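The lines below spell out each chain.
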Protein chains: 2
Amino acid sequence: MTSTADKILDVAQSLIVAGGYNAFSYADISDAIGIRKASIHHHFPTKAELVAALVDRYRQQVEAGLKSLQAQSANPADQVQSYLNFWQTCIRDASLPFCVCAMLAGEMQMLPDDVASRVRAHFHSLAKWLASVLQAGAEQHVFRLDQGPEDEAQVLMASVHGAMLSARAFGDPELFAAIVNAQIAKLLVQGR
Amino acid sequence: MTSTADKILDVAQSLIVAGGYNAFSYADISDAIGIRKASIHHHFPTKAELVAALVDRYRQQVEAGLKSLQAQSANPADQVQSYLNFWQTCIRDASLPFCVCAMLAGEMQMLPDDVASRVRAHFHSLAKWLASVLQAGAEQHVFRLDQGPEDEAQVLMASVHGAMLSARAFGDPELFAAIVNAQIAKLLVQGR
DNA sequence: GGGTAACTACCTACTAGTAGGAAGATGACA
DNA sequence: TGTCATCTTCCTACTAGTAGGTAGTTACCC
């Protein structure tokens, strides 16, 4: 039993993931969940507010997910691998074939300010998480970093988003795994 | 003295780079170059045809550019670096802050088939070029590849596109250079 | 009765695309 | 050389459909 507001965000999320901010309309959501357009405006007065709320929810889910990954294993290599496996699964079964914020980041210049700042915040928090895990891994000698953990985190994050793009461009979900696993191999000490 | 058709494609390109396929209209182009909407339809009957022509032109320019890079230097490391420098400059001066095809790749699922196939073709040709340069570099011992040249090419290409995304998300053009240069460092033999 | 969530009905602005015409350039031919 | 037909380019004026958003109403629930 999910609330209507959540259903609206669910549909909006899958539509944004498919085509971005400008590729969905209130009418699309209306059709998808069997509710009138005006009713969506009741929950989210403007499109900008809807997407801002969506990004807030997404960020919250991501941060909770990352935290739970750290709870499941103390090994930084496992933590990073679990993060990548999450996306591998999402892309393979097409349940969430792209990161909402990566999608929106491409449209940054045309996004309402309230949305853009939230997207930027997600990038910051993800980079921070990756940096902390990489640093812990370096201290435990499971990772060998060529650069500082913040820089390596940026490289890894870019690889993940770029791999999503490539998987989509080539229409090959497995390409994502191939790219990110090759990238991880460059960080693992036993890979040298 | 550029033709009207070229001016239309120029404007369309910068609009697509800014926000993607759905973020521009014939009216936008009309306003930008001082020509009526109907006149644009005369040159490009439908939006799908316009963007398909645009991607064709883009691909042609890219392939010519890559070929000229190989003519300028026989050193594979220089060739890759020149390619990255090109984007560094484009992103720094905001003249072309994103790859047209990378932008469109994100919207793949919603693109007209004629456009999508052309975007895919660009990804194929870029991956092929990078793979050939990486392979030549491995043979000349300027690169050390952990994987086959095709796989390493995919990793590098993903890094480039992901770096564009990050630079945009953080609003920091220098981030692109930081990411791709760190990635290149992992391939150079003297970096080990 | 007040709040919430849904509805019908509507608005204005904009979307891609079309019909048909005016202006100028080009080339053929007597 | 004059003129006629054709082609290209751009125009005005229009269409049907969709965009995000609003006003006011009904129904239910605490």
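This one's a predicted model, so the numbers in the text were calculated from it and none came from an experiment.

Caption draft 1: Inspection of the protein's contact with DNA strand D at higher detail. The environment of DNA strand D is made up of 16 residues, and the closest members are S25 and K47 of chain A together with R36, S39 and H43 of chain B. A share of 53% is what sugar and phosphate atoms reach among the atoms of DNA strand D within 4 Å of the protein. Separating a phosphate oxygen of DNA strand D from a backbone N or O atom of Y26 of chain A is a distance of 3.0 Å. Of all the secondary-structure elements, those providing two or more residues to the surface near DNA strand D are α2 (26–33) and α3 (37–43) of chain A together with α3 (37–43) of chain B.

Caption draft 2: Expanded view of helix α1 (residues 4–19) of chain B. Across its 16 residues, α1 of chain B extends 23 Å between first and last C-alpha, which sits within 8% of the 22 Å expected from 1.5 Å per residue. Looking at α1 of chain B, one finds that the buried residues are I8, L9, V11, A12, Q13, L15, I16, V17, A18 and G19 of chain B. The elements touched by buried residues of α1 of chain B are α6 (100–106) of chain A together with α2 (26–33), α3, α4 (47–72), α6 (100–106) and α8 (149–170) of chain B. In the stretch just after α1 of chain B, G20 of chain B is the one whose phi turns positive, near 95 degrees.

Caption draft 3: Local environment of the nonpolar core. Among the nonpolar cores identified, the biggest contains 148 residues, and L50, Y83, L104 and V119 of chain A together with L50, Y83 and L104 of chain B are the most heavily contacted of them. Excluding residues within four positions of it along the chain, L50 of chain A makes contact with I8, L9, A12, Y26, I29, I40 and F44 of chain A.

Caption draft 4: Structural detail: the protein's contact with DNA strand C. In the vicinity of DNA strand C, 16 residues are found, and the nearest of them are T4, R36, S39 and H43 of chain A together with K47 of chain B. Looking at DNA strand C alone, sugar and phosphate atoms form 56% of those within 4 Å of the protein. Here T4 of chain A contributes a side-chain N or O atom positioned 2.8 Å from a phosphate oxygen of DNA strand C. At a separation of 2.4 Å, a phosphate oxygen of DNA strand C approaches a polar side-chain atom of H43 of chain A. For the surface near DNA strand C, the secondary structure elements donating two or more residues are α3 of chain A together with α2 and α3 of chain B. The element contributing the most residues to the surface near DNA strand C is α3 of chain A, with four residues. Across the surface near DNA strand C, the residue classes break down as six nonpolar, seven polar and three charged.

Caption draft 5: Molecular detail of the environment of A158 of chain A. Examined against the element boundaries, A158 of chain A turns out to sit in helix α8 (residues 149–170). Between the alpha carbons of A158 of chain A and Q81 of chain A there is a distance of 16 Å; along the sequence they are 77 residues apart. When sequence neighbours within four positions are dropped, the list of residues in contact with A158 of chain A reads A158, S159, G162, A163, S166 and I179 of chain B.

Caption draft 6: View of unusual backbone geometry. Backbone geometry places A94 of chain A, a non-glycine residue, at a positive phi of 60 degrees. Looking at where A94 of chain A falls in the secondary structure, it is placed in the loop between α5 (76–92) and α6. For H141 of chain B, which is not glycine, the phi dihedral falls at a positive 60 degrees. You can see H141 of chain B is positioned in the loop between α7 (113–139) and α8.

Parameters and conventions
Within any chain, residue numbers begin from 1 and follow the written order of that chain's sequence. To read the labels, note that chains go from A and ligands from 1, taken in the order they are written. Note on the predicted model: pLDDT of at least 70 is required for a residue's local features to be given, and 80 or more for side-chain atom pairs to be given and counted; whole-chain, interface and lining totals, by contrast, use all residues. Based on all heavy atoms of the structure, the side-chain values leave hydrogens and waters out of the count. Nearness is judged by heavy atoms alone; a residue qualifies as near a molecule or strand once a single heavy atom is within 4 Å of it. Residues adjacent in sequence count toward polar contacts only when both atoms are side-chain atoms; beyond that, a polar contact is any pair of N or O atoms within 3.5 Å, and within protein one must be able to donate a hydrogen and the other to accept it. For the purposes of this entry, the term helix denotes a DSSP run of H or I that reaches at least four residues, the term strand denotes a run of E that reaches at least two, and both are numbered from the N terminus. Multiplying 1.5 Å by the residue count of a helix minus one yields the expected span of that helix. Here the term buried applies to any residue with accessible area under 20% of the maximum for its type, exposed to any over 50%, and partly exposed to those in between, with areas from a 1.4 Å probe on protein chains only. Every residue pair with non-hydrogen atoms within 4.5 Å of one another is taken to be in contact. Each nonpolar core is a collection of buried residues, namely Ala, Val, Leu, Ile, Met, Phe, Trp, Tyr and Cys, held together in the definition by side-chain atoms within 4.5 Å. Residue polarity follows a fixed list, in which Ala, Val, Leu, Ile, Met, Phe, Trp, Tyr, Cys and Pro are nonpolar, Asp, Glu, Lys and Arg are charged, and the others, Gly among them, are polar.

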